[in-house]
Every structure is written in C-alpha cells, then in structure tokens.
Amino acid sequence: MFQGKEWFGFFYGLAASLVFASFYIVGRLVFGQYDVDPVVFTFIRFVIAVPFFVLAVACTGQGKALRTALTSRFWPMMGLALSGIVGEGLLLMASLKYTTASRSSLFANTSPILTVVLACVFMREPMSKGKWIGMITGFAGILTAIVSRSQGDIFMSGASWMGDALACGSAFCWAIFTVLGQKMADKSGGLVSGTASMLLGTAVLFVCSLFFPWPWQYFTNWRFWLYALYAGIIVSGLANILWLVSLKYLDAGRLGSMGYVSCILAMGGSLLCLKEKLNGWFVAGAVLVFIGVHWMLRRNLSAKET
C-alpha cells in the first residue's frame, strides 16, 4: 500500500482523522448545552490554539520561516486561512448547531471527492476511470443521505437542511485547503504553514465575531472552557498541523480519501454518546459514500504501485 516515508504521511493523516472524529461529538455537546454563536465559538477555539503553535514554531527555530510565510507568501497563506480556518472551521462548527454529528461528519467528509477533482485540475494529478466511478458512487450516496431525514439525538428532535448544507460547504473549503496546503507544506513546512494560516484566520474570525453576541454568561463555566480548550488546542491546532505535515509524504488525493475514517468513528461515537437515531436511507447513503471514497483510494494506490 505505502512505501518508505509514505507511511509517515499515513500515520500523521490517521492521527488527524481520529482527532477530527471527536470534534463532531464535542460540537454537538457544546450546542446542546450552551446557547453560543458558532462564529464566536470558532474564534474562541482558534485564539486558544494560536499561542501554543507560535511557541512551537519559536522552540523549533522556525521563527524566520514563519515571518517569511506571513510576508513573502501572504496571499497563499491567506488562501489557506480563508479555506481551512474561516471557511471549513466556521461552516463545520455552524453545521453542528443545526444537524447531527453523523450527518455533519458524512457531508463534511465528502471532501475527498472534491479534493480529487481539485487536485486533478490544479495539481495535475491523474483522473483515472476508477476515480470517476468512485466519484459517481460517492455523489449518489450524498444525494441519498440528503434525501433521508434524521430523527435527531438527545439534544434535537430532527436535523435541518441548513445544517446539512453547511457541512457540505465545509467539505468544499477543506478540499481547497488540502490542495493549497500541499504546495505550502512543501515550501514552508507543515508547522509553519498551519501556524501562519491560524494567525491570519483567527484575525479574520475576530473581526467577524464583533457582529455576533458573545456568551459572557458561560465564561465562569469550567465545562464550557474544557470544550473550548479541546476544540482549540487539540482539534483546531494539532489536527490541522498533522494534516499539513502529512501532505509532505502523501499527495492530496490519497490523503483526502482518509477522511472516511473520521466519519465512521464520528458515527459510532454519536450513536454511543449522543444516542443518535439513524434511518435506513441515511445508512445506505453513507455506505455508498464509503464505497466511492474507498474505490478512489484503492485505484490511486494501485496506480502508485505500478
């Protein structure tokens, strides 16, 4: 399957996928227990993450590289920030306020399909017949899942179309982030690229948060801050950087296909922790998405090995 240093990319990507899976559960817990605006909470979790990774850059002696990334490569880094931090981060967070963890994770993790398309267009990665079959199967699964309606979880009686659409939007943003991130990771490194994008994205989110209500009433609640710290340091910071580092060893198409791992884990966690109720049509759609993504990954691996 993988050769040489590609295994490093696999394990970095797998670790990021495991962390991403937990985010869907945490997000539902946040919106189920607190009346907080997604824009403000997204800003809070990223502003918590930023200092730790600026410190990591300084401790690894990459301060000059970070300054270069923020000046000489400002616009590409802003592209990473707008797609991976503001776009994906905000849309995914907002989706969890209106839909269940399983639905949000499924639609958000359709990004491998979009990643392959974008990688083909912008990175000139080959688009084989197998990938086309995988994409068609995946899109059929998406349509099936969208048509199905969820019975909700312990916090909501039913998911909304808005939440599903927001999760799909986050998938598109993450696909852009993955393709752009491959170039930036090669030039600046995963840690520097991730930190630079977080700095710029957090600044944009701060400006946006000024137009929404802040949850001052929860600032003395320790559980609220526990969720924010986990979503900030572990999910928004560590997982994003692991994803970018893995792009140094795996191409965007192969790495993007690993997103279905976090989707499966998120569904299982939602069933166990949030008592989510899934119907047959949604499960059928999810199976089609998994088959489509797996088909793209399998064909891609075969092409690499020949």
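Computed from a prediction, not measured in an experiment: that's the story for all the values here. (Residues numbered from 1 in each chain as written. Predicted model: local features only at pLDDT ≥ 70, side-chain atom pairs only at ≥ 80, totals over all residues. Heavy atoms only, no water.)

### Quick notes on unusual backbone geometry
- With phi around 55°, K275 is a residue other than glycine that occupies positive phi space.
- For K275, the location among the structural elements is in the loop between α12 (259-273) and α13 (280-305). (Helix = DSSP H or I, 4+ residues; strand = E, 2+ residues; numbered from the N terminus.)

### So, the confidence of the model for the protein chain
- Confidence along the protein chain averages 85 in pLDDT terms, with 91% of residues attaining 70 or more.
- Overall, residues 299-306 carries pLDDT values under 50, and its contacts beyond four positions in sequence, including any with other chains, amount to 13 contacts. (pLDDT = per-residue confidence, 0-100. Contact = heavy atoms within 4.5 Å.)

### Description of the pattern of salt bridges
- Summed over all chains, the structure comprises 2 salt bridges.
- The salt bridge partner of R28 is D153, with a shortest N-O separation of 3.0 Å. Linking R28 in helix α1 (residues 6-33) with D153 in the loop between α7 (129-147) and α8 (161-188), this pair joins segments that are 125 residues apart in sequence. Across this residue pair, the class does not change: R28 and D153 are buried.
- In this structure, the salt-bridge partner of D164 is R103, at a minimum N-O distance of 2.9 Å. Separated by 61 residues along the polypeptide, D164 in helix α8 and R103 in helix α5 (residues 101-108) bring together distant segments of the chain.
- Judged by its relative accessible area of 1%, R103 falls in the buried class. (Salt bridge = Lys/Arg side-chain N within 4 Å of Asp/Glu carboxyl O. Buried < 20%, exposed > 50% of the residue type's maximum accessible area, 1.4 Å probe, protein only.)

### Examining the packing of helix α2 (residues 38-59) against helix α10 (residues 222-246)
- Two numbers describe how α2 lies on α10: the axes approach to 8 Å, and their chain directions differ by 60°. Judged by the angle between their axes, α2 and α10 are oblique. For the crossing formed where α2 meets α10, the hand is right-handed.
- Grouping the constituent residues of the contact of α2 with α10 by class yields 16 nonpolar, 4 polar and 1 charged. (Axes fitted to C-alpha atoms, helices over the stretch in contact; angles between N-to-C directions. Parallel < 35°, antiparallel > 145°, perpendicular 65-115°, else oblique. Left-handed = near helix turned anticlockwise from the far one by under 90°. Nonpolar A, V, L, I, M, F, W, Y, C, P; charged D, E, K, R; others polar.)

### Observations regarding the environment of G61
- Here G61 lies in the loop between α2 and α3 (63-71).
- In the structure, G61 is positioned 47 residues away from L14 in sequence and 27 Å away in space, judged by C-alpha atoms.

### Comments concerning empty space enclosed by the protein
- Following the criterion strictly, the structure yields 1 cavity of 30 Å³ or more and no others.
- Volume-wise, the largest cavity comes out at about 250 Å³.
- As for the largest cavity, its lining consists of 21 residues, of which F20, Y24, E88, L92 and W174 are closest to the centre.
- Those elements giving two or more residues to the lining of the largest cavity turn out to be α1, α2, α4 (74-98), α8, α10 and α12.
- Its residues placed into classes, the lining of the largest cavity shows 9 nonpolar, 10 polar and 2 charged. (1 Å grid on protein atoms, 1.4 Å probe; cavity = no way out; pocket = protein on both sides within 12 Å on 5 of 7 lines; lining within 4 Å. Points joined across faces, edges and corners; volume = space filled by probe spheres on them.)

### Looking at the packing of aromatic side chains
- Considering all chains together, one arrives at 19 aromatic pairs under this definition.
- Relative to Y249, the ring of Y12 has its centre 6.3 Å away and its plane inclined at 25°; by these criteria the two rings are stacked. With a gap of 237 residues between them, Y12 in helix α1 and Y249 in the loop between α10 and α11 (252-256) connect regions that are remote in the sequence.
- Classification of Y12 as partly exposed rests on a relative accessible area of 30%. (Phe/Tyr/Trp six-rings, centres within 6.5 Å; stacked < 30°, edge-to-face > 60°.)

### Focus on the nonpolar core
- Counting residues in each nonpolar core, the largest one holds 65 residues, and the members touching the most others are F41 and M198.
- Elements with a contribution of two residues or more to this core: α1, α2, α3, α4, α5, α8, α9 (190-209) and α10.
- Apart from residues no more than four positions distant in its own chain, F41 is found in contact with V30, V36, M93, F224, Y227, A228 and A231.
- By size, the runner-up hydrophobic cluster in this structure holds 14 residues, among which are L106, F107, I142 and A167. (Core = buried A, V, L, I, M, F, W, Y, C linked by side-chain atoms within 4.5 Å.)

### Thoughts on the packing of α3 against α9
- Where α3 contacts α9, the axes come no closer than 9 Å and their chain directions differ by 50°. Relative to α9, α3 is oriented oblique. Crossing hand, α3 versus α9: right-handed. Taking contact as the criterion, the partners of A65, L66, A69 and L70 in α3 are, on α9, V192, T195, A196, L199 and L200.
- Classifying every residue of the contact of α3 with α9 by side-chain character gives 8 nonpolar, 1 polar and no charged.

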